[in-house]
Amino acid sequence: MNKKSNGYSKRIVLHFTKEIWDKPIVYRLVKDYDLIFNILKASILPRQESYLVMELIGDTKETFDRGIEYLRRSGVSIQPVEKDIHWLDNKCVHCGACVSICPSGAFTIDRSTMMIQFDPNLCSACSLCVRGCPVRAVEAEL
Ligand code: SF4
Ligand code: SF4
């Protein structure tokens, strides 16, 4: 969370179900709720679950909270973006799930050894891999 001189902002992840992926929900944040957003990452797939990672900015926290409440009413689930993602290589079973989940290429697989590698410099802290890892080998630290 940031309190900026030009308003209140926070980086969040918006998850859209396949029922609402094509609704003009985000557009109304600007038009009806006086908010500004910067999209940091996006995966919009027709008729599938989609997500946006964005910085959402309002004049005040109250303006910001009204926009968040509107998103929730519209069926969007929201998570804050965590600061640090830790890969616990001693727990990792190298199943590769995180490689297909990660939108920024921070998780890769070495084809010669079939072992997973993690580059924290590429990570945007969207937390998708935290939810997607079957053995909880990725943790987010606030
Ligand atoms: S999803 Fe989890 S267990 Fe599978 S490769 Fe990634 S970090 Fe390892
Ligand atoms: S949090 Fe996980 S899925 Fe998201 S960018 Fe970082 S490594 Fe990739």
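Colleague: Please clarify how the site of ligand 2 should be interpreted in this entry.
Modeller: The full set close to ligand 2 counts 13 residues, and Cys102, Ser104, Cys123, Cys126 and Cys129 are the nearest of them. The residue makeup of the shell around ligand 2, split by class, is 10 nonpolar, 3 polar and no charged.

Colleague: Quick question: what am I supposed to make of the domain arrangement of the chain here?
Modeller: Frequently, the measure chosen for interface size is the accessible area that the parts lose on association. Here the chain is partitioned into domain 1 (2-80) and domain 2 (84-141). Computed over C-alpha atoms only, the centres of domain 1 and domain 2 are separated by 25 Å. If you look at the interface, domain 1 gives 7 residues, while domain 2 gives 6 residues. Summed over both sides, the interface of domain 1 with domain 2 buries roughly 630 Å², with 59% coming from carbon and sulfur. Among the residues of domain 1 in contact with domain 2, Lys41, Tyr51 and Gln79 are the three that bury the most area, contributing 55% of the side total. The interface formed by domain 1 and domain 2 holds 0 residue pairs in polar contact (both at pLDDT 80 or more) in total. Put simply, the parts of the chain that give the side of domain 1 that touches domain 2 at least two residues each are strand E2 (7-16) and strand E4 (50-58). Counting residues per element, the side of domain 1 that touches domain 2 draws most heavily on E2, at 3 residues. Taken together, the residues of the side of domain 1 that touches domain 2 break down into 3 nonpolar, 2 polar and 2 charged.

Colleague: Honestly, unusual backbone geometry in this entry has me stumped. Any pointers?
Modeller: Negative phi is the rule for most residues except glycine; trans is the rule for most peptide bonds. For Asp34, which is not glycine, the phi dihedral falls at a positive 55°. Tracing the chain through its elements places Asp34 in the loop between helix H1 (25-31) and strand E3 (36-43). Although it is not a glycine, Met114 adopts a positive phi angle of roughly 60°. For Met114, the position within the fold is in the loop between strand E7 (107-110) and strand E8 (115-118). What makes Met114 partly exposed here is its relative accessible area of 42%.

Colleague: What am I meant to see in the side chain of Thr63 here?
Modeller: Tracing the chain through its elements places Thr63 in helix H2 (residues 61-73). Judged by relative accessible area, which is 10%, Thr63 ranks as buried. At a separation of 2.8 Å, a polar atom in the side chain of Thr63 contacts the side chain of Thr60. Thr63 has contacts with Tyr33, Asp34 and Leu35, leaving out every residue within four places of it along the chain.

Colleague: What's the story with the pairing of E3 in this structure? I'm lost.
Modeller: Regular strands have side chains that alternate between both faces of the sheet. Judged from the 7 bridges that link them, E3 and E4 form a sheet pairing that is antiparallel. Looking at the pairing, Lys41 lines up with Val53 of E4. Between E3 and the antiparallel strand that follows it, E4, lie 6 residues; Arg47 among them carries a positive phi value of about 55°.

Conventions and cut-offs
- Residues numbered from 1 in each chain as written.
- Chains lettered and ligands numbered in written order.
- Predicted model: local features only at pLDDT ≥ 70, side-chain atom pairs only at ≥ 80, totals over all residues.
- Heavy atoms only, no water.
- Near = heavy atom within 4 Å.
- Nonpolar A, V, L, I, M, F, W, Y, C, P; charged D, E, K, R; others polar.
- Domains from an automatic or database assignment.
- Contact = heavy atoms within 4.5 Å.
- Buried area = accessible area lost by both parts, 1.4 Å probe.
- Polar contact = N/O pair within 3.5 Å; in protein donor to acceptor, adjacent residues only side chain to side chain.
- Helix = DSSP H or I, 4+ residues; strand = E, 2+ residues; numbered from the N terminus.
- Buried < 20%, exposed > 50% of the residue type's maximum accessible area, 1.4 Å probe, protein only.
- Pairing = 2+ DSSP bridges.

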